[in-house]
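Inside the fold
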Amino acid sequence: MRLSLLLLSLLIANTLFAGSYELDAATKERIKQTAIHFFESDEIIELTVKADFTSIREDRDRATNEYHAATIVMNDDGDELQIPVKIKTRGNFRLKTENCDFPPLRFKFKTREVINTVFEGQKKLKLVTHCRDTSETMQNTMLREYLVYKMYNAVSDQSLRVRLVKVKYEDVVYGDELIKYAFFVESVEQMASRLGLEEVEMANLRQEQLVEENIIQLALFNYMIGNTDWSIPKLHNVALFRHDRHSPPVAVPYDFDMSEFVDACYMHVYMGRELLENRYKGKKVPLETLENAMAHYKEKKSELINTILDFEYLDLATRQECLTIVDSFYQVLANKQSYRKAFIAEATK
């Protein structure tokens, strides 16, 4: 009898415990919407991340790297807010020590620990970092890549959004501190949910199998920023999405550090001759189809230029370099012989 009562008590306690931790539908919907709004703001986030960064910097084997305990410290209306978080290294090229002494990071949050904070609704976020601690050039490189994401947001809704942050990295073991800019990238899961899409991992697809308007826009954009480091068949620096299993996929680009626009110090060595060869990697399409896609870019010209001009985290000289790259693209669009040669005669067959 006593055993039965004990078991019943435990069952009731467990039920109450589970119920008290179950989020209601309204709260879940609010969290979902808050997560989406995170990337709608251009306001910079200032935070301190406390962790054993010595161990994190050394944990670069993609087969074995683990999440490390960390704490985000932020100002919340004058009060200090501490948010538990797990962080781990990520990436490919920038993960290697010989390329970046500070690796890209991934942040993982627990839903209940970020309720009523700026990170409410976020689960996993990529953080693009400065790469090299003592290089102001590489800090600018990171800012230029952030700008590329913002420019593609202007070109297409089917794009990953970003949020700029100013981070103080504080090593809890040795006490070292480092303040740098970085930016969070919207997760592919969140982008898919926002647009009513589903991610698909289908390698070896040809560009002809994608939504035509989408792939031409993507190819023209990469041409504009001088980026050849992408591939649809290899799923290299692109993610594929579709509305349903009967719909053709659309491609969403990411990782633009090997572009001329971003101008990373390692780009010329890594890309080699490919930078000197044909920059346009889009498929060959009829002239009318191409000109329709070009018309979209002509409509977006002022917005793209203003996106660059208004980004005051880069100095005026750097912004002028970025504008020169974009202007060279529009010079091609303005000359029929030039764009026929660049986008049809030299297009992928």
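Attention in this report is confined to the structure presented alongside it.

Looking now at a positive patch on the surface. There is a patch of like positive charges on the surface, built from Lys 86, Lys 108, Lys 110 and Lys 124. Position of Lys 110 relative to the elements: it lies in the loop between β4 (105–108) and β5 (124–128).

Here the focus is the state of the cysteines. With the rule as written, the count across this model stands at one disulfide. For Cys 100, the disulfide goes to Cys 131, at an S-S distance of 2.1 Å. Judged by the sign of its S-S torsion, about -90°, the cystine formed by Cys 100 and Cys 131 is left-handed. You can see Cys 100 sitting in the loop between β3 (79–89) and β4 and its partner Cys 131 sitting in the loop between β5 and α4 (136–155), a full 31 residues away along the chain. Classification of Cys 100 as buried rests on a relative accessible area of 1%. Judged by its relative accessible area of 3%, Cys 131 falls in the buried class.

The next point concerns the pairing of strand β10 (residues 250–253). A two-sided burial pattern is seen for β10, the buried positions comprising Val 250 and Val 252 on one face and Ala 251 and Pro 253 on the other. Here strand β9 (residues 238–242) pairs with β10 via four bridges, running antiparallel. By the bridge assignment, Val 238 is partnered in β10 with Pro 253.

Moving on to the side chain of Glu 145. Tracing the backbone shows Glu 145 in helix α4. Ignoring any residue separated from it by four or fewer positions in sequence, one finds Glu 145 in contact with Arg 94, Val 128, Phe 183, Asp 255, Phe 256, Asp 257 and Val 262.

As a further point, take the packing of aromatic side chains. Within this structure, the stated rule accounts for 25 aromatic pairs. With a centroid separation of 5.0 Å and an interplanar angle of 75°, the aromatic rings of Tyr 149 and Phe 256 are classed as edge-to-face. With a gap of 107 residues between them, Tyr 149 in helix α4 and Phe 256 in the loop between β10 and α7 (267–271) connect regions that are remote in the sequence. Like Tyr 149, the residue Phe 256 is buried in the burial classification. Centre to centre, the rings of Tyr 223 and Phe 343 are 4.9 Å apart; their planes meet at 80°, and the pair counts as edge-to-face. Here Phe 343 lies in helix α10 (residues 336–345) and Tyr 223 lies in helix α6 (residues 212–224), a separation of 120 residues in the sequence. Taken together, Tyr 146, Tyr 149, Tyr 152, Tyr 181, Phe 183, Phe 221, Phe 256, Phe 311 and Tyr 313 form an aromatic cluster joined through their ring pairs. When the ring centre of Trp 230 is taken as reference, the NZ or CZ atom of Lys 281 above it lies at 5.6 Å.

What counts and how
Residues numbered from 1 in each chain as written. Predicted model: local features only at pLDDT ≥ 70, side-chain atom pairs only at ≥ 80, totals over all residues. Heavy atoms only, no water. Patch = residues over 30% accessible without salt bridge, like charges linked within 9 Å, V, L, I, M, F, W, Y side chains within 5 Å. Areas by Shrake-Rupley, 256 points an atom, 1.4 Å probe, with all protein chains shown as cover. Salt bridge = Lys/Arg side-chain N within 4 Å of Asp/Glu carboxyl O. Lys, Arg positive; Asp, Glu negative; His and termini not counted. Charge placed at Lys NZ, Arg CZ, Asp CG, Glu CD. Helix = DSSP H or I, 4+ residues; strand = E, 2+ residues; numbered from the N terminus. Disulfide = S-S within 2.5 Å. Buried < 20%, exposed > 50% of the residue type's maximum accessible area, 1.4 Å probe, protein only. Pairing = 2+ DSSP bridges. Contact = heavy atoms within 4.5 Å. Phe/Tyr/Trp six-rings, centres within 6.5 Å; stacked < 30°, edge-to-face > 60°. Lys NZ or Arg CZ within 6 Å of the ring centre and 35° of its normal.

Honestly, that's just the spatial picture; any functional story needs more than this.
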